[in-house]
Amino acid sequence: MTLHDPSFVGGEEPWNNGSLDVERRYRLGSEVTSLSLSRSSSSEKYDPLDNLNLSFRLTRIHHISNLFFLKYIGDVILFQLSFSMYPDRDNPWRMLAVSPTESFSMNVTDFRDNALLKLQVAGPFAGGMMDPTNQEYILIQVEQTEQAGQRRRRTQQVIHNWTIPLHAERKDQIVQTKTFEIDPIAITIQAFLQDNEVVPLSMTHQSLYVSVETQVAIAGIILTGVYVLIIFEIVHRTLAAMLGSLAALAALAIIGDRPSLVTVVEWIDYETLALLFGMMMLVAIFSETGFFDYCAVKAYHLSRGRVWPMIIILCLIAAILSAFLDNVTTMMLFTPVTIRLCEVLNLDPRHVLIAEVIFTNIGGAATAVGDPPNVIIVSNQDLRREGIDFASFTGYMFLGICLVLFTSFPFLRMLYWNKKLYNKESIEIVELKHEILVWRQTAQRINPASREETAVKCLLMQKVLNLESLLRKMMKTFQRQISQEDKNWEQNIQELQKKHRITDKVLLVKCVSVLGVVIFMFFLNSFVPRIHLDLGWIAILGALWLLVLADIQDFEIILHRVEWATLLFFAGLFVLMEALAQLQLIDYIGEQTALLIKAVPEDQRLAIAIILVMWVSALASSLIDNIPFTATMVRGVSLISCCSIPHKHRLTLVQARNGTLIGASANVVCAGIAEQHGYGFSFMEFFKLGFPMMIMTCMIAMCYLLATHIGLGWNM
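Under the annotation held in an unreviewed UniProt entry, the protein carries the name Oculocutaneous albinism II and is attributed to Amphilophus citrinellus. Under the Subcellular location (unreviewed entry) heading, UniProt states for the protein: "Membrane".

Take a look at the structure:
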């Protein structure tokens, strides 16, 4: 970064000017900082009346923000009280064994005053779709007594059946959960097997105080509240996810299903967090080599100084890489390159990054390893038995994704038609503003716990004031000149190549070697089942190897570059989504979708199912993270199996795309890295570009699915 002021604090003042001078400068920095930068970018003329109006508006905004803050404090206190007033569910698992000759039964007459019975059974179940040819299953009967009323003269006993298919190999322990909206009196478990063998099971049950519809309504309100916080940027998205998780846990406590701390921790997907953390460490060390600056200059050279060819090249490379790598990894590698390239060309990195992450999501759907939802689909054993493996998935999806990919470029150009990709200021002003932002963020990270730390923070704030004064002088003499095409690109390339070179070739060789091994292991993990290392372990081990080989002395610098806010956001999001699933929200979406499909005539069900489920998946995965939603929809295919839909067509019913900032992990990672570099984009900025692209790609995908399945009658 180029420093525009040679002195650090604007003079040769000593560090020990006394406590009064330190306090005076600290107050000066805290009072002026909130006004100075906004004044410098708003107008070139300043008078006392403008300053008075600006101060009035800021005071009004401050009062409004205080009201919002008090409301949040009240909501948090309410959530905490609701969560702390109810104990954890203490329902021990009961071990039992059933066979064709021996059944199990128990009385649950103490549940009659409650609204729901939640029954959980663990055993060697098949899971997923129910195979009609499977003759081995567990039958659970819940008996209910309906009291006499206007329609019934005497008391009558009603039995509700729940059938769970068993796995042929009896190896995996799967937990199945079902909620009964009845007042039960007895539970009976029977086994129907071909041989006279014993099946070990474990069971637990509990009462819930709220109906399913009420739980879904509560979950919808919580999800809406989280989106309001994120869309209007009332709080940071990480805090919004944590508040939503607290509200969902409080709702579970109120209905009588409060999870324990161990259960909540188990809801977090540590493999994803380990993958993100390991790749963040690798990228942080990689950035020390100057490789990203070198790639930015090369991309500028390939585009011959033209902006749109460069954007198309970046998007196409990102889409191709994300088809073979996880799209989170692709964006972690591409985001620093893109930011540095845009800084060199005086472009706004946010628009380019949004375009890249959109095409990363499109390219990630082409293969079975490009996106976590694809891995969930291919890993499902029931779908694999139906012939949906890596080759069939890739062969079927690749053609459709290529069609979507090449039709998306002109649509993206149309969306960016009236957008100014160039910054409205000169590159000197942009760099100075970015430098001011970095100095301010550095000062805000210092906790003034001692006198020395307070003095350092005051010096940094004084540095910000000096740079802002210089910025105001530059804004007064600035004449805006925006060029749509760089005519001196050859001369600029020569200057950029002299300035941006590989700074550490030895470290570059080490980074490329370790990253190459990590990517190779990613591929090998998808094809060789004998490698017992998940993606998270591979990334963590790669980061450890690179730390050892690079001989990093100042480890804290690397840790400062890790996106801790992004990791906390994912942890909160995992807890939030699992809590919403416990509130029956995702299952309710799948059940209602299946009911709509059943209402259609049988000869039209396949076409309606393709249209309905694809759009439900697309819209729902824009609001809910697509990983838990896809996992639920794979299970929900069993509900659609009774709709006379052939097995071979069911892959079309579990394809989910996303068009909002938190709809996919790659979107959040890209936004976090961009925010760390000072180019963060909001929910609405992504939504204005991502959602129209999602609608267009879904339209093309729907036409492709209807043409192949209905018109051509393809079976994979």
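After that view of the structure, there is still more to cover.
**Quick notes on the overall build of the protein**
A tally of helices and strands in the protein yields 25 helices and eight strands. Across the 716 residues that make up the protein, the buried fraction comes to 48%. For the protein, contacts bridging at least 24 residues in sequence account for 82% of all contacts bridging at least 6. As displayed, the protein offers around 35500 Å² of accessible surface, 59% of which is attributable to carbon and sulfur atoms.

**Quick look at the packing of helix α6 (residues 270–286) against helix α9 (residues 327–345)**
Contact pair α6 / α9: the axes reach a minimum separation of 10 Å and the direction vectors enclose 25°. What the angle tells us is that α6 and α9 run roughly parallel. Seen from above, α6 lies across α9 with right-handed handedness. Residues Leu275, Leu276, Met279, Met280 and Val283 of α6 lie in contact with α9, whose contacting residues are Val328, Thr329, Met332, Leu333 and Pro336. Across the contact of α6 with α9, the residue classes tally to nine nonpolar, one polar and no charged.

**What about a nonpolar patch on the surface?**
A cluster of nonpolar side chains, namely Ile73, Ile77, Leu81, Met85, Tyr86 and Ile254, defines an oily patch on the protein surface of about 550 Å² accessible area. Position of methionine 85 relative to the elements: it lies in the loop between α2 (48–84) and β1 (94–98).

**Digging into the pairing of strand β7 (residues 184–192)**
The buried fraction of β7 amounts to seven of the nine residues, a majority that puts the element mostly inside the structure. In this structure, strand β2 (residues 104–107) lies alongside β7, joined through four bridges in antiparallel fashion. When the sheet's bridge partners are listed, serine 105 is paired in β7 with threonine 188.

**With respect to unusual backbone geometry**
Located in the positive-phi region is aspartate 551, a residue other than glycine, with phi close to 55°. With respect to the helices and strands, the residue aspartate 551 is situated in the loop between α18 (535–550) and α19 (555–560). The phi dihedral of glutamine 584 falls on the positive side, at around 70°, and the residue is not glycine. For glutamine 584, the location among the structural elements is in the loop between α20 (564–582) and α21 (585–598).

**As for the packing of aromatic side chains**
All told, the structure shown has twelve aromatic pairs when counted by the stated rule. Ring geometry for tryptophan 308 against tyrosine 416: centres 5.7 Å apart, planes inclined by 85°, an arrangement best described as edge-to-face. With tryptophan 308 in helix α8 (residues 307–324) and tyrosine 416 in the loop between α13 (390–415) and α14 (427–445), the pair connects residues that are 108 residues apart, well separated along the chain. Both residues of the pair, tryptophan 308 and tyrosine 416, belong to the buried class. In this structure, lysine 178 is placed above the aromatic ring of phenylalanine 180, and the distance from its NZ or CZ to the ring centre is 5.8 Å.

**Looking at the pairing of strand β3 (residues 116–123)**
Regular strands place their side chains on alternate faces of the sheet. Burial analysis of β3 places eight of its eight residues in the buried class, which makes it a mostly covered element. Judged by which residues are buried, β3 turns out to be covered on both faces: Leu116, Lys118, Gln120 and Ala122 on one side and Leu117, Leu119, Val121 and Gly123 on the other are all buried. When β3 meets strand β8 (residues 199–208), the two strands line up antiparallel, connected through seven bridges. Each bridged residue has a counterpart across the sheet, and for leucine 117 the counterpart in β8 is serine 207.

**A few points about α9**
The end-to-end C-alpha separation of α9 is 26 Å, in line with the 27 Å expected for 19 residues at 1.5 Å each. The buried count for α9 comes to 17 of 19 residues, which makes it a mostly enclosed element. Following α9 by one or two positions, asparagine 346 has its phi on the positive side, about 60°.

**Observations regarding the side chain of asparagine 667**
Turning to its location among the elements, asparagine 667 is positioned in helix α24 (residues 665–676). There is a polar contact of 3.0 Å between the side chain of asparagine 667 and the side chain of asparagine 361.

Criteria and thresholds
Residues numbered from 1 in each chain as written. Predicted model: local features only at pLDDT ≥ 70, side-chain atom pairs only at ≥ 80, totals over all residues. Heavy atoms only, no water. UniProt positions renumbered as here; feature names shortened; annotations may be inferred. Helix = DSSP H or I, 4+ residues; strand = E, 2+ residues; numbered from the N terminus. Buried < 20%, exposed > 50% of the residue type's maximum accessible area, 1.4 Å probe, protein only. Contact = heavy atoms within 4.5 Å. Areas by Shrake-Rupley, 256 points an atom, 1.4 Å probe, with all protein chains shown as cover. Axes fitted to C-alpha atoms, helices over the stretch in contact; angles between N-to-C directions. Parallel < 35°, antiparallel > 145°, perpendicular 65-115°, else oblique. Left-handed = near helix turned anticlockwise from the far one by under 90°. Nonpolar A, V, L, I, M, F, W, Y, C, P; charged D, E, K, R; others polar. Patch = residues over 30% accessible without salt bridge, like charges linked within 9 Å, V, L, I, M, F, W, Y side chains within 5 Å. Salt bridge = Lys/Arg side-chain N within 4 Å of Asp/Glu carboxyl O. Pairing = 2+ DSSP bridges. Phe/Tyr/Trp six-rings, centres within 6.5 Å; stacked < 30°, edge-to-face > 60°. Lys NZ or Arg CZ within 6 Å of the ring centre and 35° of its normal. Expected span 1.5 Å × (residues − 1). Polar contact = N/O pair within 3.5 Å; in protein donor to acceptor, adjacent residues only side chain to side chain.

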